[in-house]
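Examination of the molecular architecture
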Amino acid sequence: MNAPLTPAQHDSLQKSERQSQIVRALQAHLPAHALIWQAEDTTPYECDGLTAYRQRPLVVALPETEAQVAAVLKTCHGLGVPVVARGAGTGLSGGAMPHALGVTLSLAKFNRILKVDPVSRTAVVQCGVRNLAISEAAAPFNLYYAPDPSSQIACTIGGNVAENSGGVHCLKYGLTLHNVLRVRGFTAEGEPVEFGGEALDAPGLDLLALVIGSEGMLAVTTEVTVKLVPKPQLARCIMASFDDVRKAGDAVAAVIAAGIIPAGLEMMDKPMTAAVEDFVHAGYDLDAAAILLCESDGTAEEVEEEIGRMTAVLRGSGAIAIAVSTSEDERMKFWSGRKNAFPASGRISPDYMCLDSTIPRKRLADILLAIQEMEKKYNLRCCNVFHAGDGNLHPLVLFDANDPDELHRCELFGADILETSVAMGGTVSGEHGVGVEKLNSMCVQFTAAENEQMFGVKRAFDPAGLLNPGKVIPTLQRCAEYGKQVVRGGRLPHPDLPRF
Ligand SMILES: Cc1cc2nc3c(=O)[nH]c(=O)nc-3n(C[C@H](O)[C@H](O)[C@H](O)COP(=O)(O)OP(=O)(O)OC[C@H]3O[C@@H](n4cnc5c(N)ncnc54)[C@H](O)[C@@H]3O)c2cc1C
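Residues numbered from 1 in each chain as written. Predicted model: local features only at pLDDT ≥ 70, side-chain atom pairs only at ≥ 80, totals over all residues. Heavy atoms only, no water.

Right, let's talk about the overall build of the protein for a bit. Within the protein, the secondary structure is distributed over 18 helices and 18 strands. Referenced to the eigenvectors of the C-alpha coordinate spread, the extents of the protein come out at roughly 70 × 60 × 40 Å. Counting only residues that meet the buried cut, the protein has 55% of its 500 residues in that class. Relative to all contacts within the protein whose residues are 6 or more apart in sequence, the contacts with residues 24 or more apart total 72%. Counting every atom, the protein has about 20,000 Å² of accessible surface; 55% of that belongs to carbon and sulfur. If the 44 positive side-chain charges of the protein are averaged to one point and the 59 negative ones to another, these points end up 2 Å apart. (Helix = DSSP H or I, 4+ residues; strand = E, 2+ residues; numbered from the N terminus. Buried < 20%, exposed > 50% of the residue type's maximum accessible area, 1.4 Å probe, protein only. Contact = heavy atoms within 4.5 Å. Areas by Shrake-Rupley, 256 points an atom, 1.4 Å probe, with all protein chains shown as cover. Lys, Arg positive; Asp, Glu negative; His and termini not counted. Charge placed at Lys NZ, Arg CZ, Asp CG, Glu CD.)

Written out as structure tokens, the structure reads:
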């Protein structure tokens, strides 16, 4: 194996020469249609859902078989070329943003459902299968795959595993981590590897838990065994309006404190409600300061009892209006607004940046009020939608990427939200991963020693540092620089990232 090229070597080796070298090497293993490198062909891969940062890769490889994945990884390892795995590119933290001198490994062609087993209630799927397609395949057996990111129509299970994705129903049914039994894939050197197993517990260290959420930095996933759960007989949703965000935030904490785990417990603030109502006409209360959607599922008796208890708690917490869905159509209508929160924000602003931090439930109102102050400070609007039951925020900061100053203020606004969340006892990342977006804020969340431990894990899996390098874990130097900027009060969140 050759050592990775140094920056000086990179400089001396012309980019196009390097590109030709990689293409020639990969052509020995992949058919012509599985390799692209012309700028007009690689441009669609230049970013993920975090569109503010873009970078074309040198080459995009689209393997169709595991043998080809192994060959791409082996070849890149031999040449010291960084590899960035890519699913559907719906990630919101820049995790799949290409490396300027690397290969983007698209797993789009790994889109087959290999087995649905209603007896063991599992499905074996290739990594490029869409999240929703798993539930569609399981539906004839009255089963489904529970984690439901709002992007589930497009995002892949490989991306879900890499990000440990969540969704509206994860409060009750758990994240990806709780719903995956086995991951098969390849190391950076192109060697096959399996984590977990078909049984509930696998012998040895729990490397499955380590790999889930590792953002493509430890291994490339090709196949996943997921758990399936029975479809609930019935689901009903409460829509509750509040005239005060503090009352709404406290109501969330009160529902959980009452010993209820709703199937979903989501919150939207007034600007978000206005944006989605104009888009999907779900019948939301436009005068409300905040709206809660609170779902119960199970047997008819369980749902009736839980809806009664939740309604009482919400009334006791000061809800000014409560509606309970009386049909599946009405339930879907209640959810249609929440599920369309991101596209609705896209209708009212040229660009938006979706943040993703967590805070303790009891601080929901505090963070909303803090964000309102930040809107004035950075002179930008923000709409808020929360997985409130999980304390997982999704502030969407609205901006125009064509205006560099707006992008800069948006970055500062985002960093402020993440770091205020940490100050309130939360974390910089809930379910969208760190990617490149939250690198600096990781310096605030973790000590140098903690970040170094993460690097240690990375090195154990990928000693040459070729899988998705430069993401997720901040270097000591980055944290030192960021610290200086914070002290000077003039932060440049991401001076090193290729901008829109
Ligand atoms: C409108 C919208 C709504 C969303 N809602 C939610 C939500 O409710 N909950 C939530 O958690 N997320 C949500 N997301 C974020 C995103 O959809 C998830 O992070 C999703 O899991 C990404 O999957 P993907 O296939 O698009 O992965 P990509 O964006 O292609 O990649 C994401 C990361 O996974 C790595 N990766 C991808 N495939 C593999 C593989 N086979 N092996 C190794 N690494 C791999 C990449 O390198 C990258 O680091 C939303 C995004 C959008 C645009």
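Now that the structure has been shown, the text picks up again.
Turning next to the pattern of salt bridges. Enumeration over the complete set of coordinates arrives at 26 salt bridges. With a closest N to O distance of 3.7 Å, Asp 148 and Lys 339 form a salt bridge. Within this pair, whereas Asp 148 is found in the loop between β7 (143–144) and α6 (157–163), its partner Lys 339 is found in helix α12 (residues 328–339), the two being separated by 191 residues in sequence. Judged by relative accessible area, Asp 148 falls into the buried class, the value being 6%. Judged by its relative accessible area of 27%, Lys 339 falls in the partly exposed class. Linking Lys 247 and Asp 243 is a salt bridge whose minimum nitrogen-to-oxygen distance equals 3.2 Å. With relative accessibility at 43%, the residue Asp 243 sits in the partly exposed group. (Salt bridge = Lys/Arg side-chain N within 4 Å of Asp/Glu carboxyl O.)

For the rest of this paragraph, the subject is the pairing of strand β8 (residues 180–186). By the criterion of burial, β8 is predominantly enclosed, with 6 of the 7 residues buried. Pairing of β8 with strand β10 (residues 220–227) involves 6 bridges; the strand directions are antiparallel. Note that in β10 the partner of Arg 184 across the bridge is Glu 223. Bridge count between β8 and strand β9 (residues 192–196): 5 bridges; the pairing is antiparallel. Pairing of Arg 182 across the sheet is with Gly 196, part of β9. (Pairing = 2+ DSSP bridges.)

In this section: a nonpolar patch on the surface. Together, Leu 205, Leu 207 and Leu 210 give the surface a local cluster of nonpolar side chains, amounting to about 280 Å² of exposed area. Mapping Leu 205 onto the fold places it in the loop between β9 and α8 (207–211). On the basis of relative accessible area, Leu 205 is assigned to the exposed category, the value being 74%. (Patch = residues over 30% accessible without salt bridge, like charges linked within 9 Å, V, L, I, M, F, W, Y side chains within 5 Å.)

With that settled, the discussion passes to the site of the ligand. Taken together, 34 residues form the shell around the ligand, and within it Ala 85, Thr 90, Ser 151, Thr 156 and Ser 165 come nearest. In the model, an oxygen atom of the ligand is placed 2.6 Å from a nitrogen or oxygen of the Thr 90 side chain. The contact in question runs from an oxygen atom of the ligand to an N or O atom on the side chain of Thr 156, over 2.7 Å. Out of a free accessible area of 980 Å², the ligand has 95% covered by protein chains. Among the elements of the structure, β3 (83–86), α6 and β10 are those that each provide at least two residues to the shell around the ligand. Broken down by element, the residue count for the shell around the ligand peaks at 5 residues, all from α6. Residues belonging to the shell around the ligand are distributed by class as follows: 12 nonpolar, 18 polar and 4 charged. (Near = heavy atom within 4 Å. Polar contact = N/O pair within 3.5 Å; in protein donor to acceptor, adjacent residues only side chain to side chain. Nonpolar A, V, L, I, M, F, W, Y, C, P; charged D, E, K, R; others polar.)

Here we take up the nonpolar core. Core analysis: the largest hydrophobic core is formed by 61 residues, its most contacted members being Met 267, Leu 314, Met 353 and Phe 413. In this structure, Met 353 is in contact with Leu 50, Ala 52, Tyr 53, Pro 395, Leu 396, Val 397, Phe 399, Leu 407 and Cys 410, ignoring residues within four places of it in sequence. Counting residues in each nonpolar core, the second largest holds 27 residues, with Leu 30, Leu 58, Val 69 and Leu 73 among its members. (Core = buried A, V, L, I, M, F, W, Y, C linked by side-chain atoms within 4.5 Å.)

Let us now look at the side chain of Asn 451. Mapped onto the secondary structure, Asn 451 falls in helix α17 (residues 448–461). Classification of Asn 451 as buried rests on a relative accessible area of 3%. Other than its neighbours up to four places away in sequence, Asn 451 contacts Met 442, Cys 443, Phe 446, Ile 473, Pro 474 and Cys 479.

This brings us to the sheet that holds strand β6 (residues 122–126). Reading across from one edge, β5-β6-β10-β8-β9 is the order of the 5 strands in this open sheet, with antiparallel pairing throughout. Only two strands of the sheet have a single partner each, and these edge strands are β5 (113–117) and β9. Within this sheet the neighbouring strands show an average axis-to-axis angle of 10 degrees, counted without direction. Contacts from helix α5 (residues 131–138) reach β5, β6 and β10, with the element oriented near 45 degrees to β5. (Axes fitted to C-alpha atoms, helices over the stretch in contact; angles between N-to-C directions.)

With that settled, consider the sheet that holds strand β2 (residues 59–61). An order of β1-β2-β4-β3 is seen for the 4 strands of this open sheet, with the pairing classed as mixed. Every other strand in the sheet has two partners, leaving β1 (35–36) and β3 as the edge strands with one partner each. Bridge count between β1 and β2: 2 bridges; the pairing is antiparallel. Counterpart to Ile 36 in the pairing with β2 is Val 60. Packing against the sheet, helix α2 (residues 15–27) makes contact with β1, β2 and β4 (103–106), and its axis sits at approximately 20 degrees to β2. Helix α4 (residues 66–79) contacts β2, β3 and β4 of the sheet and is inclined by roughly 165 degrees relative to β4.

Before going further, it helps to examine unusual backbone geometry. Phi is positive for Glu 215, close to 55 degrees, though the residue is something other than glycine. Along the chain, the position of Glu 215 falls in the loop between α8 and β10. Positive phi outside glycine occurs at Val 472, with the angle close to 70 degrees. Along the chain, the position of Val 472 falls in the loop between α17 and α18 (476–488). Residue class for Val 472 comes out buried when judged on its relative accessible area of 11%.

So, on to the packing of aromatic side chains. Overall, the coordinates contain 4 aromatic pairs when judged by the stated rule. Measuring from centroid to centroid gives 6.2 Å for Phe 342 and Tyr 352, while their planes differ by 55 degrees, and the two rings are tilted. Separated by 10 residues along the polypeptide, Phe 342 in helix α13 (residues 341–348) and Tyr 352 in strand β16 (residues 351–354) bring together distant segments of the chain. (Phe/Tyr/Trp six-rings, centres within 6.5 Å; stacked < 30°, edge-to-face > 60°.)

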